[in-house]
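# Structure assessment
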Amino acid sequence: MKVLVTGGAGFIGSNFLNYMSSEHPDDKFIILDAMTYAGNHKHLITFRKNPNFHFVKGSITDRALLEDIFKMGIDRIVNFAAESHVDRSILDPDIFVKTNILGTQILLDTAKKYAVERFLQISTDEVYGSLGETGLFTEETPLAPSSPYSASKAGSDLLVISYYQTYGLPVTIIRCSNNYGPYQFPEKLIPLVIMNALNHKPLPIYGDGLNVRDWLYVEDHCRAIDLVMQKGKVGSVYNVGGNNEKTNLQIVKMILAELEKPESLITFVKDRPGHDRRYGIDATKIKKLGWQPQYALEFGLKKTIKWYVENQGWVQENM
Ligand SMILES: Cc1cn([C@H]2C[C@H](O)[C@@H](COP(=O)(O)OP(=O)(O)O[C@H]3O[C@H](CO)[C@@H](O)[C@H](O)[C@H]3O)O2)c(=O)[nH]c1=O
């Protein structure tokens, strides 16, 4: 099996490659990554050592490059390539539209031309917008994105579905809740808080700190992607979530307790514009395929903190 993994040097993509190379040692992986600020050069060393990996630097918006890659013969595609940080999308939406919407469309078009066996789109629960105090996102929840980032992901999801409806491209979409784990760029809440706390810097908490996110250890997400690639229904969407809803303040306090750092580092700052209040996932559909998260939040968080403590110097210099 030859799998094209776009965005493979990013946080979830690189964890996925790590997982797949041990679960499916006979598969071949073509890794396409634009190596933006979030692409991790450390992975390239690992990629080059693995005879089953072939790395190509470039963007999913580059049609000619995609043509060259598809000529190598691709069975499946997992599309992780995306700009993913909400705050950056508020400051500079252009690149989000270019990579997430246009890039996905060019990738879909090339996949159609070369008749791939499966196109798996890695999306996000943010496409559903915000929940009130109760209820969960199901796969039928209408799309109502709030930020330029989530709107660009919703746009790419709609294009993916349109390629299924119009051209019969065998697509499947995964919409996952907030991931955490090793190699996450320290602009996202959990790694930012760990790194700031280690350096005794203030921890910026937006608004009242009571926004709720559903946290999932990245390896659990990788296992879900693998399963959906094997057993997921073509034309379907699968929600993935950890059933670990916490307010941002709860998460930050858990990290401070583990690091034995004072809560006085918590600093309330101006809220993010259009800040979604709560995300919560109904993962019944993927559970019916046989998926279950294996990491309890407390355990996954400890493991993540340990990784950042052990790699603190490297993270500071390279991420
Ligand atoms: C960076 C930062 C974040 N926050 C808050 C905003 C959110 O309520 C929460 C998590 O923020 P972020 O880590 O930026 O993640 P969030 O906006 O939820 O989006 C993440 O999770 C999504 C899945 O739900 C992914 O699609 C996105 O790519 C990923 O960035 O923490 C703070 O209070 N202070 C901060 O400095």
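Residues numbered from 1 in each chain as written. Predicted model: local features only at pLDDT ≥ 70, side-chain atom pairs only at ≥ 80, totals over all residues. Heavy atoms only, no water.

An unreviewed UniProt entry lists the protein chain under the name dTDP-glucose 4,6-dehydratase, with Gracilibacillus dipsosauri as the source organism. Under the UniProt heading Cofactor (unreviewed entry), the note attached to the protein chain is "NAD(+)". For the record of the protein chain, the UniProt heading Catalytic activity (unreviewed entry) holds the text "dTDP-alpha-D-glucose = dTDP-4-dehydro-6-deoxy-alpha-D-glucose + H2O". (UniProt positions renumbered as here; feature names shortened; annotations may be inferred.)

## Focus on the sheet that holds strand β10 (residues 237-240)
Pairing is parallel across the open sheet formed by seven strands, whose spatial order is β3-β2-β1-β4-β5-β6-β10. Looking at the sheet topology across the chains shown, the edges are occupied by β3 (53-57) and β10. Geometrically, the sheet is characterised by an average inter-axis angle of 20° between neighbouring strands, direction not taken into account. Strands in contact with helix α6 (residues 148-167) are β5 (118-124) and β6 (171-176); relative to β5, the strand with the most contacts, it is inclined by about 155°. (Pairing = 2+ DSSP bridges. Helix = DSSP H or I, 4+ residues; strand = E, 2+ residues; numbered from the N terminus. Axes fitted to C-alpha atoms, helices over the stretch in contact; angles between N-to-C directions. Contact = heavy atoms within 4.5 Å.)

## Some details on the site of the ligand
The environment of the ligand is formed by 23 residues, the closest being D125, E126, Y149, R272 and H275. With respect to the ligand, the side chain of Y149 contributes an N or O atom lying 2.5 Å from an oxygen atom. One of the side-chain N or O atoms of N178 is found 2.8 Å from an oxygen atom in the ligand. Expressed as a share of its isolated accessible area of 690 Å², the protein-covered part of the ligand is 94%. Going through the elements one at a time, α7 (189-198) and β8 (203-206) are the ones with two or more residues in the shell around the ligand. It is β8 that provides the largest number of residues to the shell around the ligand, a total of three residues. A per-class count over the shell around the ligand returns nine nonpolar, eight polar and six charged. (Near = heavy atom within 4 Å. Polar contact = N/O pair within 3.5 Å; in protein donor to acceptor, adjacent residues only side chain to side chain. Areas by Shrake-Rupley, 256 points an atom, 1.4 Å probe, with all protein chains shown as cover. Nonpolar A, V, L, I, M, F, W, Y, C, P; charged D, E, K, R; others polar.)

## Considering the sheet that holds strand β9 (residues 212-217)
Reading across from one edge, β7-β9-β11 is the order of the three strands in this open sheet, with mixed pairing throughout. At either end of the open sheet lies a strand with only one pairing partner, and these are β7 (178-180) and β11 (245-247). Taking the axes of each pair of neighbouring strands and ignoring which way they run, one obtains an average angle of 50° across the sheet. Both β9 and β11 contribute to a ladder of three bridges, which runs antiparallel. Of the residues in β11, the one forming a bridge with D214 is E245. Contacting β7 and β9, helix α8 (residues 218-231) runs over the sheet at an angle of about 70° to β9. Each of β9 and β11 is contacted by helix α9 (residues 248-259), which is oriented at about 85° to β11, the strand it contacts most.

## Quick look at the layout of surface pockets
The gaps left among the atoms become clear once a water-sized probe is rolled over them. Space inside the second largest pocket adds up to approximately 330 Å³. Elements represented by at least two residues in the lining of the second largest pocket include exactly α1 (11-23), α2 (41-49) and α8. The element contributing the most residues to the lining of the second largest pocket is α1, with six residues. Split into classes, the residues belonging to the lining of the second largest pocket amount to nine nonpolar, six polar and two charged. (1 Å grid on protein atoms, 1.4 Å probe; cavity = no way out; pocket = protein on both sides within 12 Å on 5 of 7 lines; lining within 4 Å. Points joined across faces, edges and corners; volume = space filled by probe spheres on them.)

## Quick notes on the packing of aromatic side chains
The geometry of an aromatic ring pair is captured by the separation of the ring centres together with the interplanar angle, meaning the angle of the planes. The final tally for this structure, using the stated rule, is 16 aromatic pairs. Aromatic pair F29 and F53: ring centres 5.7 Å apart, planes at 90°, arrangement edge-to-face. Here F29, found in strand β2 (residues 28-33), pairs with F53, found in strand β3; they are 24 residues apart in sequence, far enough to count as distant. The same class applies to F29 as to F53, namely buried. (Phe/Tyr/Trp six-rings, centres within 6.5 Å; stacked < 30°, edge-to-face > 60°. Buried < 20%, exposed > 50% of the residue type's maximum accessible area, 1.4 Å probe, protein only.)

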